[in-house]
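Report on the structure
Each chain, written out:
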Amino acid sequence: MLLCSVRGCAQPLTRTGGLYACPQKHSFDLSRRGYLNLLQPQDRRSKNPGDSAEAVAARRRLHDRGLTAPLLAAIQQITQPAPASHVLDAGCGDGFYLASLARLTGCAAHGIDISLPAIDAAARRYPTAEWIVANADRQIPYADASFSLVLSITARRNAPEFHRVLEPSGRLLVAIPAPDDLMELRGAERDRIDSTVAAFAPHFHLLAHQRATTTADLDADAVHDILLSIYRPLQPHPPAAGRITFSLDLLLFAPSPAAPR
Ligand SMILES: C[S@@+](CC[C@H](N)C(=O)[O-])C[C@H]1O[C@@H](n2cnc3c(N)ncnc32)[C@H](O)[C@@H]1O
Ligand SMILES: [Zn+2]
């Protein structure tokens, strides 16, 4: 259930046609594209927060080339033992992973991202899912225990809020870049598994870890799209084309029963 994002309200939103309203009469229009913008001015630091339209389009082209299909398969596999009925993707970008998972598993899909161009792209291509512009680092605009699975795929890490919106038997899947991710462009990095597990304690405990790695021979356009869509520093002379590694550490967590709010 969606909650009102007006500061201090957090009451349920009910939908009448294209209008969502709470009992306090705060209201939000469904956009023409079918997404809801719940971002309040105090919940953003810039006028256009999150990924730019250019970065969203570049990442979508990489997904469309099929480069991330093996990573999607690994995400589906590690989340499969507990089939999820309601899934939240926090920092969903153009919606590729969430909508693909919904197509594969039949789950109800809910994506939030602070970037309007990202949510617009997701809503245009995947109209059957629910797409919300919201800041996943603040209050997530859903009621307690709304989801059986929360995804954070190279995205946000709001442990208390992920815990609140998950059912007690739910699961959290956090995907982080592995040390060899894009190493041809960035050089190898240290692994961030321990620091990520520590960041999610005491709200979550780790159930499983799997590394998903794939390589592809890319032309200059595809390498350029990678450069447009990442924020991490590059090594001094990255190749303009060639074999590139994509690698994620997938961390599957269960909520800890007596976690602090
Ligand atoms: C590296 S991208 C990953 C997108 C998607 N998960 C994927 O793997 O294709 C990170 C995403 O987080 C979004 N983002 C950044 N800050 C955010 C925030 N505070 N709340 C929600 N989304 C945020 C960005 O707009 C961007 O779409
Ligand atoms: Zn309200």
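Thresholds applied
- Residues numbered from 1 in each chain as written.
- Chains lettered and ligands numbered in written order.
- Predicted model: local features only at pLDDT ≥ 70, side-chain atom pairs only at ≥ 80, totals over all residues.
- Heavy atoms only, no water.
- Near = heavy atom within 4 Å.
- Polar contact = N/O pair within 3.5 Å; in protein donor to acceptor, adjacent residues only side chain to side chain.
- Areas by Shrake-Rupley, 256 points an atom, 1.4 Å probe, with all protein chains shown as cover.
- Nonpolar A, V, L, I, M, F, W, Y, C, P; charged D, E, K, R; others polar.
- Buried < 20%, exposed > 50% of the residue type's maximum accessible area, 1.4 Å probe, protein only.
- Helix = DSSP H or I, 4+ residues; strand = E, 2+ residues; numbered from the N terminus.
- Contact = heavy atoms within 4.5 Å.
- Donors = N, O, S within 2.8 Å, 3.2 Å for Na, K, Ca; no water.
- Tetrahedral: all angles 85-135°; square planar, octahedral: opposite > 155°, others 65-115°.
- Pairing = 2+ DSSP bridges.
- Axes fitted to C-alpha atoms, helices over the stretch in contact; angles between N-to-C directions.
- Phe/Tyr/Trp six-rings, centres within 6.5 Å; stacked < 30°, edge-to-face > 60°.
- Disulfide = S-S within 2.5 Å.
- Salt bridge = Lys/Arg side-chain N within 4 Å of Asp/Glu carboxyl O.

This next bit is on the site of ligand 1. For ligand 1, the set of nearby residues contains 19 residues, the closest of which are Asp-51, Gly-91, Asp-113, Asn-135 and Ala-136. One of the backbone nitrogen or oxygen atoms of Asp-51 is found 2.9 Å away from an oxygen atom of ligand 1. Asp-113 is positioned such that a nitrogen or oxygen atom in its side chain is 2.7 Å from an oxygen atom of ligand 1. Burial of ligand 1 by the protein amounts to 91% of the accessible area it has alone, namely 590 Å². Partitioned by chemical class, the residues of the shell around ligand 1 number seven nonpolar, seven polar and five charged.

Before going further, it helps to examine helix α2 (residues 69-79). Here α2 has its buried residues at Leu-71, Leu-72, Ala-74, Ile-75, Gln-76, Ile-78 and Thr-79. Where α2 is buried, its residues meet α3 (96-105), β8 (147-153), β9 (166-177), β10 (204-218) and β11 (242-255).

Looking now at the coordination of the zinc ion (ligand 2). Within the protein, the atoms that donate to the zinc ion (ligand 2) are Cys-4 (SG), Cys-9 (SG), Cys-22 (SG) and His-26 (ND1), at distances of 2.1 to 2.3 Å. Taken together, the four donor atoms surrounding the zinc ion (ligand 2) define angles of 99 to 118° at the centre, an arrangement classified as tetrahedral. Every donor residue of the zinc ion (ligand 2) comes from the same chain, spaced as C-x4-C-x12-C-x3-H. A residue pair is termed long-range when its members are at least 10 positions apart, and Cys-4 in the segment before β1 (14-16) and His-26 in the loop between β2 (19-21) and β3 (27-29) qualify at 22 residues. Overall, Cys-4 belongs to the buried group, its relative accessible area being 1%. Note on His-26: relative accessible area 25%, which makes it partly exposed.

Strand order across the open sheet formed by three strands is β1-β2-β3, with antiparallel pairing between neighbours. Strands with a single pairing partner mark the edges of an open sheet, and in this sheet they are β1 and β3. The sheet shows a mean angle of 25° between the axes of neighbouring strands, taken without regard to direction.

Attention now goes to the sheet that holds β9. Strands sit in the order β4-β7-β6-β5-β8-β9-β11-β10 across an open sheet of eight strands; the sheet is mixed. Both outer strands of the open sheet, β4 (36-37) and β10, are each paired with one neighbouring strand and no more. Relative to β9, β8 is paired through six bridges, and the arrangement is parallel. In the strand pairing of β9, Val-150 is matched with Leu-172. Along the sheet, helix α8 (residues 220-229) contacts β10 and β11; its crossing angle with β10, the most-contacted strand, is approximately 145°.

Now for the packing of aromatic side chains. Evaluated as defined, the whole model comprises seven aromatic pairs. On the basis of an interplanar angle of 15° and a centroid distance of 6.3 Å, the ring pair of Phe-162 and Phe-200 is categorised as stacked. Highlighted residues: Phe-162 in helix α5 (residues 159-165) and Phe-200 in helix α7 (residues 193-200), separated in sequence by 38 residues. Of the two residues examined, Phe-162 and Phe-200, each falls in the buried class. Members of the aromatic cluster, joined through ring pairs, are Phe-162, Phe-200, Phe-204 and Phe-253.

What follows covers the state of the cysteines. As used in these notes, a disulfide is a covalent bond between sulfur atoms, one from each of two cysteines. Scanning all chains against the criterion turns up zero disulfides. Take Cys-107: it sits in no disulfide, and the sulfur closest to it among the cysteines is that of Cys-92, at 13 Å.

Opposite charge on two side chains makes pairing possible when the charged atoms of those side chains draw close. Considering all chains together, one arrives at 15 salt bridges under this definition. Between Asp-137 and Arg-156 there is a salt bridge, with its nearest N and O atoms 2.6 Å apart. Residue Asp-137 is found in the loop between β7 (130-133) and β8, and its partner Arg-156 is found in the loop between β8 and α5; the two are separated by 19 residues along the sequence. The network of salt bridges with common partners includes Arg-33, Asp-120 and Arg-124.

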